[in-house]
Amino acid sequence: MASLFGHSVVGFTISNVIKTKKAKWLVVFAIFSAILPDLDVLSFGFGIPYEHPFGHRGFSHSILFAVLWAIFILFTVGKTDKLLWFFVVFMSTLSHGILDAMTSGGRGVGFFIPFNNDRFFFPFRQIKVSPIGIEDFFSNWGVQVIISEIKYIVIPCIILLSMRLLILKLERL
Ligand SMILES: [Zn+2]
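Residues numbered from 1 in each chain as written. Predicted model: local features only at pLDDT ≥ 70, side-chain atom pairs only at ≥ 80, totals over all residues. Heavy atoms only, no water.

Looking at the overall build of the protein
Assigned secondary structure in the protein consists of seven helices and zero strands. Secondary structure of the protein in N-to-C order comes out as α-α-α-α-α-α-α. Over its C-alpha atoms the protein spans a radius of gyration of 17 Å, differing by no more than 12% from the 16 Å that the globule rule assigns to 173 residues. Each of the three principal axes of the protein carries a C-alpha extent, and together these read 55 × 40 × 30 Å. Of all intrachain contacts in the protein linking residues separated by at least 6 positions in sequence, the fraction that spans at least 24 positions is 60%. Separation of charge centres in the protein, based on 15 positive and 10 negative side chains, amounts to 12 Å. (Helix = DSSP H or I, 4+ residues; strand = E, 2+ residues; numbered from the N terminus. Rg over C-alpha atoms; globule rule 2.2 N^0.38 Å. Contact = heavy atoms within 4.5 Å. Lys, Arg positive; Asp, Glu negative; His and termini not counted. Charge placed at Lys NZ, Arg CZ, Asp CG, Glu CD.)

Here is the structure:
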């Protein structure tokens, strides 16, 4: 995974770039959805191997999971602006696998599970893979993760958010 911080920043950015008015809960759900796929680390506790379709970076990181989760949210939480909720939750959930597929370690991401169990990486893999344990995070490794995420996640997100703000300002002129 990228770190929970990195995933959250992307969820926050996606919801803020797409939404048109104040939608506090949409932002909260977007951030949660961007982190959600990593609950699959619990699978290690059940003895499910990494490469299994339900292992880490498996089904919960797939495109189908993002669709199903977005549909579930649309019917349970998205009372108004259903299409907006669907789209933001889908994009935020899928962004998780996309970020993971740009990390430097672990196995690839099972984007097409259950139709194809292969794991994928993108050719661009500059985001340092984040340690799963907290101890490892407060180490040199953790520092490298943060630096790589600032460069490849935080700065691009700030640019996107600024552009969005600018467009909103110009529209009001
Ligand atoms: Zn992940």
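Observations regarding the packing of helix H1 (residues 4-18) against helix H5 (residues 82-100)
Contact pair H1 / H5: the axes reach a minimum separation of 9 Å and the direction vectors enclose 150 degrees. One element, H1, and the other, H5, form an angle in the roughly antiparallel class. Between H1 and H5 lies a crossing whose hand is right-handed. In this structure, H1 uses Gly6, His7, Val10, Gly11, Ile14, Ser15 and Ile18 to contact H5, whose residues at the interface are Leu84, Phe87, Val88, Met91, Ser92, Ser95, His96, Leu99 and Asp100. Its residues assigned to classes, the contact of H1 with H5 comprises eight nonpolar, seven polar and one charged. (Axes fitted to C-alpha atoms, helices over the stretch in contact; angles between N-to-C directions. Parallel < 35°, antiparallel > 145°, perpendicular 65-115°, else oblique. Left-handed = near helix turned anticlockwise from the far one by under 90°. Nonpolar A, V, L, I, M, F, W, Y, C, P; charged D, E, K, R; others polar.)

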